[in-house]
Amino acid sequence: EEMLRQARTNLSERGLENVELRLGTLEHLPVADGQADAMVANMVLHHVASPADALREARRGLRPGGRLVLADLATHHEEEYREKLGDLWLGFAREDLESWLEGAGLELEEFHELDGGEGRPPVILLTARAPATEAPSHRRPALAGSSSEL
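Rules used in this analysis
Residues numbered from 1 in each chain as written. Predicted model: local features only at pLDDT ≥ 70, side-chain atom pairs only at ≥ 80, totals over all residues. Heavy atoms only, no water. Helix = DSSP H or I, 4+ residues; strand = E, 2+ residues; numbered from the N terminus. Polar contact = N/O pair within 3.5 Å; in protein donor to acceptor, adjacent residues only side chain to side chain. Contact = heavy atoms within 4.5 Å. Buried < 20%, exposed > 50% of the residue type's maximum accessible area, 1.4 Å probe, protein only. Core = buried A, V, L, I, M, F, W, Y, C linked by side-chain atoms within 4.5 Å. Lys, Arg positive; Asp, Glu negative; His and termini not counted. Salt bridge = Lys/Arg side-chain N within 4 Å of Asp/Glu carboxyl O.

Visitor: Teacher, can you tell me more about the side chain of His46 here?
Guide: Along the chain, His46 falls in the loop between strand E1 (36-42) and helix H2 (51-61). Within polar-contact distance, the side chain of His46 engages the side chain of His47 at 3.1 Å. Here the side chain of His46 touches Asp72 through a polar contact of 2.4 Å, side chain to side chain. Setting aside residues no more than four positions away along its own chain, His46 makes contact with Asp72, Leu73, Asp87, Leu88, Trp89 and Phe92.

As structure tokens, this is what we get:
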């Protein structure tokens, strides 16, 4: 909740009134089917047990033509990230992300692998889009009552 409070302060200071912040989990996003124009997942996918499920859930919440922007770690071998940072995944290979996006019904638009800098793992930055027409097979009902942060 502290992160949300700070984010709201930042938005207010910048006069951004068309952004809504909600508390939830990646596995059960607090949005209705097709409600979001865009979603941003910044350095969170490596903390969930099933990235494929999280991407399907993001797809559920995107409107047709909506966009997902994802930044996460590329595959690395920093085992201490598991203990120190609670990482469940040591980054991702492009092929896995492409497969999971396709399985979620998202179309990869751009993919970049950037230097992490100062001995840190590389960072993946990608954008994917929900098809402009509805794909019912990728929909599932929204679940309410989530309590951890996005």
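Visitor: Would you mind showing me how to read the environment of Ala58 here?
Guide: Topologically, Ala58 is positioned in helix H2. On the basis of relative accessibility, which here comes to 7%, the residue Ala58 falls in the buried class. A sequence separation of 19 residues divides Ala58 from Met39, and the C-alpha atoms of the two residues are 7.3 Å apart. Setting aside chain neighbours within four positions, we find Ala58 in contact with Leu29, Met39 and Leu68.

Visitor: Sorry, what's going on with the environment of Gly61 here?
Guide: With respect to the helices, strands and loops of the structure, Gly61 is situated in helix H2. Taking C-alpha positions, Gly61 is 8.7 Å from Asp37, a pair spaced 24 residues apart along the chain.

Visitor: Hey, could you run me through unusual backbone geometry in this one?
Guide: Note: most residues except glycine have negative phi, and most peptide bonds are trans. Even without glycine at this site, Met43 takes up a positive phi of about 55°. Residue Met43 is classed as partly exposed on the basis of its relative accessible area, which comes to 27%. Although it is not a glycine, Glu118 sits at a positive phi angle of roughly 45°. Here Glu118 shows up in the loop between strand E3 (107-114) and strand E4 (123-129). Judged by its relative accessible area of 76%, Glu118 falls in the exposed class.

Visitor: For this particular structure, what's the right way to read the nonpolar core?
Guide: For soluble globular proteins, the rule of thumb is that nonpolar side chains tend to be buried together. In terms of nonpolar packing, the biggest core is built from 28 residues, with Met39, Leu45, Leu55, Leu68, Leu97, Leu106 and Leu126 touching the most fellow members. For this core, the secondary-structure elements that each account for two or more residues are E1, H2, strand E2 (62-73), helix H4 (94-104) and E4. Other than its neighbours up to four places away in sequence, Leu45 contacts Pro51, Ala54, Leu55, Leu70, Asp72, Trp89, Phe92 and Leu97.

Visitor: Can you walk me through the side chain of Asp87 in this structure?
Guide: Structurally, Asp87 is set in the loop between helix H3 (80-85) and H4. The charged side chain of Asp87 is buried without a salt bridge, its nearest counter-charge being Arg82 at 7.9 Å. With residues up to four places along the chain from it excluded, the contact list for Asp87 reads His46, His47, Leu73, Tyr81 and Arg82.

Visitor: Sorry if this is basic, but what is going on with the pattern of salt bridges here?
Guide: Pairs can form between side chains of opposite charge once their charged atoms are near each other. This model, assessed by the stated rule, comprises 10 salt bridges. Two residues, Asp37 and Arg63, come together in a salt bridge whose shortest N-O distance is 2.8 Å. One end of the pair, Asp37, is in strand E1; the other, Arg63, is in strand E2, and 26 residues separate them in sequence. On the accessibility criterion, Arg63 (31% relative accessible area) is partly exposed. The shortest N-O distance in the salt bridge between Glu98 and Arg94 comes to 2.6 Å. Of the two residues, Glu98 and Arg94 both sit in helix H4, 4 residues apart, roughly one turn of that helix.

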